[in-house]
Amino acid sequence: MARWTQYLFEQHSEAELKEWASRLDMFRYFRAYGGHANDGDSLDVALRYENPEELIVLANKLGLKLNIYSNKPEQPIAGKTYSSEEYSSFPSLIRDTEWIQQPGHCCIFGLNVFIWCGNGLVNISASPKSYVVTNKHVEVAEELEKHLRSLRKFIVDPPKDTKHYVCPKYHPSLYS
């Protein structure tokens, strides 16, 4: 456990994470898996949806204009090689929908975020295009939380069931 604690507080001190936890009600700090995962730390919230129709309702409440195709757009063929330009021309679709494009980097409530949907969750990151969470990201999350209060019943806490999320379930000492 000492190695995990060392890793958890490597980027931000325990006092800083505790201070962020006291400021945020819905967003959770995620400590990257690291290593070969090549992921970064993030500040996230997740909203649950049951079906594509509910996803559309949530998107509307977020002020998010989803790109919905009337016919399935062309998608990459498994095993076929594409240049990065060719591959990036294919829209990334939300699984189990017909055919809603992933929002990705976008803006909600006038704030830049990264949104990825799937497995019944709308995952919102208040730290887009960054590998390290900063106080500026916490300020963005605080502002977003003001708009998300009416959607509290959809919140999933933590956004993913892993100790990498700093939340009361895994890190109660940071919330006392």
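This part is about the layout of surface pockets. To locate leftover empty space, one rolls a probe as large as a water molecule over the atoms. Taken as a whole, the largest pocket encloses approximately 830 Å³ of empty space. Along the wall of the largest pocket there are 30 residues; nearest its centre are Asp 44, Phe 114, Trp 116, Asn 123 and Tyr 165. At the level of secondary structure, the elements contributing two or more residues to the lining of the largest pocket comprise strand 2 (42-48), strand 4 (111-118) and strand 5 (121-125). When grouped by side-chain class, the residues that make up the lining of the largest pocket number 13 nonpolar, 11 polar and 6 charged. In this structure, the second largest pocket spans a volume of roughly 200 Å³. Together, Lys 72, Gln 75, Pro 76, Tyr 87, Phe 90, Pro 91, Ser 92, Leu 93, Ile 94, Asp 96, Thr 97 and Trp 99 line the second largest pocket. Partitioned by chemical class, the residues of the lining of the second largest pocket number 7 nonpolar, 3 polar and 2 charged.

Here we take up helix 3 (residues 52-61). Along helix 3, the positions that sit buried rather than exposed are Leu 55, Leu 58 and Ala 59. Down the axis of helix 3, the buried side of the element spans an arc of 100 degrees, and every buried residue falls inside it. In helix 3, the exposed residues that point more than 90 degrees away from the buried face are Glu 53 and Asn 60. Next to the buried residues of helix 3 lie strand 2, strand 4 and strand 5. Just past helix 3, the residue Gly 63 takes up positive phi, approximately 75 degrees.

Thresholds applied
Residues numbered from 1 in each chain as written. Predicted model: local features only at pLDDT ≥ 70, side-chain atom pairs only at ≥ 80, totals over all residues. Heavy atoms only, no water. 1 Å grid on protein atoms, 1.4 Å probe; cavity = no way out; pocket = protein on both sides within 12 Å on 5 of 7 lines; lining within 4 Å. Points joined across faces, edges and corners; volume = space filled by probe spheres on them. Helix = DSSP H or I, 4+ residues; strand = E, 2+ residues; numbered from the N terminus. Nonpolar A, V, L, I, M, F, W, Y, C, P; charged D, E, K, R; others polar. Buried < 20%, exposed > 50% of the residue type's maximum accessible area, 1.4 Å probe, protein only. Arc of directions from axis to C-beta. Contact = heavy atoms within 4.5 Å.

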